Amino acid sequence: MRSFSEIQFGRKCAGKKVGLGAVAAAFDLPERALWDYMAIGVLAVGFWIRLSLRVQRLLRGTGKPRPFQCQAARHLRRDEAARASAVSRDDVVTFLGFAAFVWLWSVALARGSYGLAVLAWYGTGRLFLEPLHGEPSIVFGRVRIDRVVAALLALCAGGALALVAAASLPAVRLYDSNPAHLWNRLHASLFVRVTADGREYGADRVDPLLWVGSRYLLQGPSHVQAITLLNEFIETHGEQLLRDPLKRGILQRDLWTVFDWLEGSHAPYQQPQLIPEVVRKGVEDLRQPLATVIARLALTPEEIRTLPDNYAATARPNALPPDLFQPDGPWVSVGRSDGPIARHHLRDDGPGKNSVFLVLIRLPGGRDATLKYLDALRSFSGPLWMHDANQPRYLQDYPNPNLPQFPVGTQVALVRRALLIDSTGRIAPTRLTEQVQLRTHRAISAMTAQEFADAQRIDENMFARAGQDFEEFSLSRAALFGERAGGLLPLAALDRFFLTFSSHGVDFFDMRSGQSSLATQDDPAHAAKLGCKDCHGAPGVYSFNSYVPFRLAGPGFTQAPRLSEISLVDAEQVAVAWKQQRVDWGRLQPLLRGPLKLRDHPGQRQP
C-alpha cells in the first residue's frame, strides 16, 4: 500500500513531465533548493562510502591505502609513516569537505548555492587528487584530460556561485552607494524579506516586516546572519564608518525597533510552531549585540537637538498642511490627563512603539472652534452606548447619537515622531517625523444602529459610506538622506503595503506555497486605507478613537477620557515617561551600560 505522501506526490505530478519542477511542486519546495538537497545528499553518500571502506580495511587488517601508481604520487609520499597511514589524502579532503558543508548549511546562502559549492569543491579536489591515481590519456603535452575537466568544473561552478551570491545580496544602498557596506548589509539582514516568488520587500519601510508569529531572526539562517553582522559591527567598530548624525540616528532607531519586537510576545500562529525554548534562545542571542550597537550609535543630546525637521521640508499646501505644528495655529494637539494619546498604537504587539504619537484636530471654524468642541466633549455626561433589546442582536448596541458631533470638513492628523537614545543613555524626542496620516471628513451621517453596523462592513461602497478622504505619508530613508521632500513620501510612491499594526500576527513571508504574494496585490494607498477604515469608518466623531474607540471597545467602555489641548513639548514628555515604564526599556537599559558601550562623542571614539 502506498503512503499518503506517495499518493500526494503522484497526484501533484499526474499529467506532468516529472522533472525537478514537478518534484519541487510536489514537496512544496523552491526548485533551486532541490539542488542543495541533492548536492548535500551526494556529499553525504560519498562520505559514507569512504568511511565504510576505510572501516572495512581496518577491520580486515588492510588499513594501508592503495599504492599510488604514478611518479607524482610516489614523489608526494616520501616517508614511511605516510605510507603506513590508514588515512589517505582523499579521505581527509572528503571528511573536511563534509564537515564544512554541515556547518555551512546553517549560513544564509542563496538557494542553489550549496549545490554549486559542492561542484566547485569536488572539481578543486579532483584537480589536486587526479595525479595521485593512474596515468590517463594526456593532451597538450603534459596536461592531463582529467585535470582539465576538474579545473573547468571548479571554475564554472565557482563562477556561478559568485554570480548567485552577488545576485542574492539585497541591493540596499541607503547608507552608502556600495551594497556591501556594513551598514547596508546590517539593515538588509533585519529589514529585507523575500516572498516565495523571490521578490524582496521592506528595505525602505518605516518598520521591519516582523509579526508576533515571525520565526524570522529567531532561528535559522536569518538568525545566524543577523548575529554575524552585529558581531562584525562590534568587532570592527562599524560605528566609525559613517559620522553623519542623521544616518547614525536612523540606524539606531531601526535597531531599537527590532529590539522592542524581540522583547514582545511571540505566539505560535503558524506551523511549524514556535518552540518557547527556541524563541528564548533566539532572543538571548540577539539581545546583547543589538544593545551594544544601539549604544555605539548614540548621538549626543546636542546632536539630537540639531537633527533636521523633515516635516517642515515636506509640508506644502497641496500635500501636508504647512501649519500643522504652528503655535496658536488652526490645528490643536490633543492630549489626555492619564497618559499618552493613540493608546491602541502604543499597545499593539507589532513593531513601532519607540515613537511619539501626536493627534491633532482642526475644525473648519479654526482654532477657537476646535477648542470649544473639545470643551463640549469634556462636558458630555450622557451614556456612551445605547441598547435596544427590540432589535436583532447585532443591532442592539450602538453609540449614543447625542454625542457632540464635529462638522463636515473637520480634519484629523495622526503624526508619529522618532525617539532616540542619547549618549547619556536617556530617551530623547526628535523632530524626525516617521509617518503622517490625514483624514478629512467630507460627509457625516447621523448615528443609528444600522449606520454603526454598516460602518463595519467591507465592500465596494465602504469608502463612500465612511465619507472620508484618506492620505498617508511615510518616511523613506533614501529620500531623507538624499534631501528629497524631507523624506516623507505618499504611500503610492513607496513599496507594497504589508499590515504589521493591528494585524493577526501571521508572518506572510514565513508561510509556504507562495501565500506571501497575497499581501502584495493591492496598491499601498488602497491597502492602507482599507486597514485604517476598519477601525475609523464610523461617521465623524464616532471614528475618532482617541476619544472613544467604539469599533474596538464595545458597550463595556463607559468612561471617555477628558481630552484637552497639549503642547508638543508636553506630549513628548508624556511619551518619554510612558516609554520609560515599558518592560522592553527596562530590559534594554542595563544592556546599554555594558562594558562594550562607547560613551565618548562620536568624533572622539577610540578604535
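The model shown is predicted, which means the values in this text are computed figures rather than measured ones.

For the protein, the helix and strand inventory stands at 23 helices and 13 strands. By residue count, 47% of the 607 residues in the protein fall in the buried class. Residue pairs at least 24 apart in sequence account for 73% of intrachain contacts in the protein once pairs closer than 6 positions are excluded. Only carbon and sulfur atoms are counted for the fraction: they give 57% of the accessible area of the protein, which is about 29,700 Å².

Spatial ordering of the open sheet is given by β12-β11-β10-β9-β6-β5-β13, a layout of seven strands whose pairing is antiparallel. Each having just a single partner strand, β12 (488–490) and β13 (563–565) make up the two edges of the open sheet. Ignoring which end each strand starts from, the neighbouring axes of this sheet average 35° apart. One ladder, built from three bridges, connects strand β5 (residues 332–336) with β13; its direction is antiparallel. In the strand pairing of β13, Gly335 is matched with Ser564.

The next thing to look at is the pairing of strand β6 (residues 355–362). Among the eight residues that make up β6, seven are buried, leaving the element largely enclosed by the rest of the structure. Pairing between β5 and β6: three bridges, direction antiparallel. Bridge pairing in β6 links Val332 to Ile361. Bridge count between β6 and strand β9 (residues 411–421): eight bridges; the pairing is antiparallel. The partner of Ser355 across the bridge, within β9, is Ala418.

Counting residues in hydrophobic clusters, the biggest one holds 78 residues, and the most contacted among them are Leu217, Leu255 and Leu588. Counting 34 residues, the second-largest nonpolar core is a separate cluster that includes Phe357, Ile361, Leu363 and Tyr398.

Let us now look at the confidence of the model for the protein. In this model, the protein carries an average pLDDT of 78, and 67% of its residues clear a pLDDT of 70 or more. Per-residue pLDDT, averaged within each element of the protein, yields its smallest value for helix α1 (residues 4–13) (36) and its largest for helix α13 (residues 301–305) (97). For residues 1–32, every residue scores under 50 in pLDDT, and the model assigns this stretch 30 contacts once sequence neighbours within four places are set aside. Taken together, the stretch residues 595–607 has pLDDT below 50 and engages in 34 contacts with residues farther than four places along the chain or on a different chain.

This part is about the packing of aromatic side chains. Scanning the entire structure with this criterion turns up eight aromatic pairs. Between the aromatic rings of Trp183 and Phe233, the centroid separation amounts to 6.0 Å while the plane-to-plane angle is 40°, which identifies the pairing as tilted. Of this pair, Trp183 sits in helix α9 (residues 182–191) while Phe233 sits in helix α10 (residues 220–235), and the two are 50 residues apart along the sequence. A single burial state applies to Trp183 and to Phe233, both of which are buried. Ring geometry for Trp256 versus Trp585: centroids 6.0 Å apart, planes at 55°, classification tilted. Placement of Trp256 in helix α11 (residues 245–262) and of Trp585 in helix α23 (residues 583–592) is noted, with a sequence separation of 329 residues between them. Assigned by exposure class, Trp256 and Trp585 land together as buried. The ring of Tyr216 is capped by Arg193, whose NZ or CZ atom sits 4.0 Å from the centre of that ring. Positioned above the aromatic ring of Phe481 is the side chain of Lys247, whose terminal nitrogen or guanidinium carbon lies 5.5 Å from the ring centre.

Here the focus is the pairing of β5. When you tally the buried positions in β5, you get five out of five residues, the bulk of the element. The two faces of β5 match: Val332, Val334 and Arg336 on one face and Ser333 and Gly335 on the other face are all buried.

A word on α23. For α23, every residue scored as buried is listed here: Asp584, Trp585, Leu588, Leu591 and Leu592. One side of α23 carries all its buried residues, which in axial view fall inside an arc of 125°. Turning to α23, the residues buried within the fold contact α11, α12 (276–296), β9, β10 (427–441) and α22 (568–580).

Turning our eyes to something else, we now look at the packing of α10 against α12. Where α10 meets α12, the closest approach of the two axes is 10 Å, and the angle between their N-to-C directions is 30°. Seen from above, α10 lies across α12 with left-handed handedness. Of the residues in α12, those in contact with His223, Ala226, Ile227, Leu230, Asn231, Phe233 and Ile234 of α10 are Gly282, Asp285, Leu286, Pro289, Leu290, Thr292, Val293 and Arg296. Considered class by class, the residues forming the contact of α10 with α12 number nine nonpolar, four polar and two charged.

A few words on the environment of Leu488. With respect to the secondary-structure elements, Leu488 resides in strand β12. For the pair Leu488 and Ala313, spaced 175 residues apart in sequence, the C-alpha separation works out to 8.9 Å. Contacts of Leu488, omitting those with residues within four sequence positions, involve Asn310, Tyr311, Thr314, Leu320, Thr433, Glu434, Val436, Phe473, Ser474 and Leu475.

Within the element layout of this structure, Arg367 appears in helix α16 (residues 367–379). The exposure class of Arg367 is buried, given its relative accessible area of 16%. At a separation of 3.1 Å, a polar atom in the side chain of Arg367 contacts the main-chain carbonyl oxygen of Trp331. Among residues more than four places away in sequence, those in contact with Arg367 are Asp328, Gly329, Pro330, Trp331, Val332 and Glu565.

On to α22, then. Between its first and last C-alpha, α22 extends 18 Å over 13 residues, near the 18 Å set by a 1.5 Å rise per residue. Taken together, the buried positions of α22 are occupied by Ala571, Glu572, Ala575, Val576 and Lys579. Viewed end-on, α22 has its buried residues packed into an arc of 135°, placing them on one side of the element. Where the residues of α22 are buried, they touch α11, β6, β9, β10 and α23.

Parameters and conventions
Residues numbered from 1 in each chain as written. Predicted model: local features only at pLDDT ≥ 70, side-chain atom pairs only at ≥ 80, totals over all residues. Heavy atoms only, no water. Helix = DSSP H or I, 4+ residues; strand = E, 2+ residues; numbered from the N terminus. Buried < 20%, exposed > 50% of the residue type's maximum accessible area, 1.4 Å probe, protein only. Contact = heavy atoms within 4.5 Å. Areas by Shrake-Rupley, 256 points an atom, 1.4 Å probe, with all protein chains shown as cover. Pairing = 2+ DSSP bridges. Axes fitted to C-alpha atoms, helices over the stretch in contact; angles between N-to-C directions. Core = buried A, V, L, I, M, F, W, Y, C linked by side-chain atoms within 4.5 Å. pLDDT = per-residue confidence, 0-100. Phe/Tyr/Trp six-rings, centres within 6.5 Å; stacked < 30°, edge-to-face > 60°. Lys NZ or Arg CZ within 6 Å of the ring centre and 35° of its normal. Arc of directions from axis to C-beta. Left-handed = near helix turned anticlockwise from the far one by under 90°. Nonpolar A, V, L, I, M, F, W, Y, C, P; charged D, E, K, R; others polar. Polar contact = N/O pair within 3.5 Å; in protein donor to acceptor, adjacent residues only side chain to side chain. Expected span 1.5 Å × (residues − 1).

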